[in-house]
Amino acid sequence: MIMAEPARRNVVKETNDSPAEAIPDELDLVRRAREGDLAAYDDLVKRYQERIYATVYHMTSNHEDANDLAQEAFIKAFHALKSFKGGSSFYTWVYRIAVNKTINFLKQRKNKSLLSLDDIDFNAEHDPDLMALISEKTPRREISLTELQEKLNEAMQKLSEHHRLVVTLHDVQGLSHEEIAKIMDCNIGTVRSRLFYARQQLQAYLSDYLK
Amino acid sequence: MSMAPDSQNFEDLQRLLTLKRYEQPPPGYFHHFSGTVISRIEAGETGGSGRLSVRISSNGSWFHNFWKALERRPALTGAFGIIVCGFFISGIALSEKSDGEAAYVTEKAPPLALVRNVEPTPDRDTTLFHERSAGSLLAQGLVNVSSTNGASVIRSGSLFDSLRPQSSLVSWPPQ
């Protein structure tokens, strides 16, 4: 469940939905949206807009790209609703559309990435885990959160799209291996091995900030 | 807790990654998000990558990337300025050097011996024309002094030759 980790509760607004706990009226909203009810689709967008945006943003490290990709993923999903059979939750289905769209975009963009980072929420300065890591473990104690954010994003951008996606979904967004496997349409073993490799790579890139 | 570089314990990394959870879009961003999506659907958009394609192509142009790099790195901007100035100065120096070499050759070479290989003509004025003009042409660096035939070669050692009025020897037909 995406909100499982305590640190997340400070940041992301709580919503009472998840793939595992499908809201009873979600299927009704999907049915109405499929019939052209834009108000129903507006409700669906509002439910998942933050997560979809966050996933795309963490993949691109660029607010403008994330904005366009997230919007276009929802637009594409609306037009593809007729093909949605309900085999998975709407949440997983939209996620898959957004992820595929993002990966295609990143392949086109290749190395032409320009960081356009969102601001760090002021609550970060009150996160005891994060502050402890910065003040005690980091040899460069004078480093600011903004600098650390930039280094972290640069390191993320060095990962391949699939490895970055696994880290984003698991370590940043808190999804389970099973949910990630559904979104990426692969088995859990693949998710685990990609996560392990991606963490190894990140640890090497960020070694100066983790000692 | 200290961690060896090759450790498989990713606890610190995961703690560092929590920083990404605090990256938030501008305040109020999500208030308009769904409305924008619905508006774009009503406008007939299909979710193609129109805007993104434009961004990819604009990001992809070498000039755009170069300009962005100059904006972000003052040192690179300075280095680029120095290179441009260096090219300009070396162009001027090369031009002056070419002129200097021509003057040196004019002083050392016996001009009449090299240039005066024209057919003897009964018309003295024609010969005098060659004698008078050879010195001035050599001084201007316009005549290839190694040429021993009647057709003189125009030098092209300077970058600014195209800006300079050029002249060549004229052979008057014997009368």
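Please refer to the structure higher up on the page.
This one's a predicted model, so the numbers in the text were calculated from it and none came from an experiment.

Visitor: Which parts of the structure should I look at to understand the overall build of chain A?
Guide: On a plain count of helices and strands, chain A comes out with nine helices and one strand. N-terminal to C-terminal, the α/β element order of chain A is α-α-α-α-β-α-α-α-α-α. A burial count over chain A gives 55% of its 211 residues as buried. Counting contacts in chain A only where the partners sit at least 6 residues apart, residues at least 24 apart contribute 68% of the total.

Visitor: Hey, could you run me through the nonpolar core in this one?
Guide: Of all hydrophobic cores here, the largest spans 73 residues; its most connected members are Tyr41, Ile52, Phe74, Phe90, Leu202 and Leu206 of chain A. When sequence neighbours within four positions are dropped, the list of residues in contact with tyrosine 41 of chain A reads Ala33, Phe74, Ala77, Phe78, Leu81 and Phe90 of chain A together with Val37, Ile38 and Ile41 of chain B.

Visitor: Help me out: how do you make sense of the packing of aromatic side chains in this one?
Guide: Working definition: an aromatic ring pair is given by the centre-to-centre distance plus the angle between the planes. Residues and elements named next belong to chain A. Evaluation of the coordinates by the stated rule reveals 15 aromatic pairs over all chains. Ring plane angle 15° and centroid distance 5.9 Å describe the contact between tyrosine 53 and tyrosine 57, whose orientation is recorded as stacked. In this pair, tyrosine 53 and tyrosine 57 are both assigned in helix 2 (residues 38-60), four residues apart and thus about one turn of the helix distant. Taken individually, tyrosine 53 and tyrosine 57 each receive the classification buried, so the pair is uniform in this respect. Among the aromatic side chains, those forming a connected cluster through ring pairs are Tyr48, Phe84, Phe90, Tyr91, Trp93 and Tyr95. Sitting over the face of the ring of tyrosine 205, lysine 158 holds its NZ or CZ atom 5.0 Å from the ring centroid.

Visitor: Hey, could you run me through the packing of helix 7 (residues 161-172) of chain A against helix 8 (residues 177-184) of chain A in this one?
Guide: When two helices pack together, their arrangement is given by the angle between the helix axes and the distance between those axes. All names here are of chain A. Closest axis-to-axis distance for the helix 7/helix 8 pair is 10 Å, and the angle between their directions is 140°. By the angle class used here, helix 7 and helix 8 are oblique. Judged by the twist between their axes, the crossing of helix 7 over helix 8 is right-handed. Here His162, Leu165, Val166, Leu169 and His170 of helix 7 lie close against helix 8, whose contacting residues are His177, Ile180, Ile183 and Met184. Here the residues of the contact of helix 7 with helix 8 are counted per class, giving six nonpolar, three polar and no charged.

Visitor: When you look at helix 3 (residues 63-79) of chain A in this model, what are you seeing that I'm missing?
Guide: Since the α-helix packs 3.6 residues into each turn, any two residues three or four apart lie on the same face. All names here are of chain A. With 17 residues, helix 3 ought to run about 24 Å at 1.5 Å a step, and its terminal C-alpha atoms sit 25 Å apart, in line with that. Of all the 17 residues making up helix 3, 14 are buried; the element is thus mostly covered by neighbouring parts of the structure. Regarding helix 3, its N-cap is asparagine 62, as a side-chain oxygen of that residue lies 3.0 Å from the backbone nitrogen of glutamate 64 further along.

Visitor: It is not clear to me how unusual backbone geometry should be interpreted in this structure. Could you clarify?
Guide: Trans is the prevailing form of peptide bonds, just as negative phi is the prevailing case for residues other than glycine. All names here are of chain A. Positive phi outside glycine occurs at serine 61, with the angle close to 55°. Mapped onto the elements, serine 61 comes out in the loop between helix 2 and helix 3. The backbone of aspartate 185 sits at a positive phi, close to 55°, despite the residue not being glycine. Structurally, aspartate 185 is set in the loop between helix 8 and helix 9 (188-205).

Quick notes on the rules
- Residues numbered from 1 in each chain as written.
- Chains lettered and ligands numbered in written order.
- Predicted model: local features only at pLDDT ≥ 70, side-chain atom pairs only at ≥ 80, totals over all residues.
- Heavy atoms only, no water.
- Helix = DSSP H or I, 4+ residues; strand = E, 2+ residues; numbered from the N terminus.
- Buried < 20%, exposed > 50% of the residue type's maximum accessible area, 1.4 Å probe, protein only.
- Contact = heavy atoms within 4.5 Å.
- Core = buried A, V, L, I, M, F, W, Y, C linked by side-chain atoms within 4.5 Å.
- Phe/Tyr/Trp six-rings, centres within 6.5 Å; stacked < 30°, edge-to-face > 60°.
- Lys NZ or Arg CZ within 6 Å of the ring centre and 35° of its normal.
- Axes fitted to C-alpha atoms, helices over the stretch in contact; angles between N-to-C directions.
- Parallel < 35°, antiparallel > 145°, perpendicular 65-115°, else oblique.
- Left-handed = near helix turned anticlockwise from the far one by under 90°.
- Nonpolar A, V, L, I, M, F, W, Y, C, P; charged D, E, K, R; others polar.
- Expected span 1.5 Å × (residues − 1).
- Polar contact = N/O pair within 3.5 Å; in protein donor to acceptor, adjacent residues only side chain to side chain.

By themselves, these are just geometric observations and shouldn't be taken as functional.
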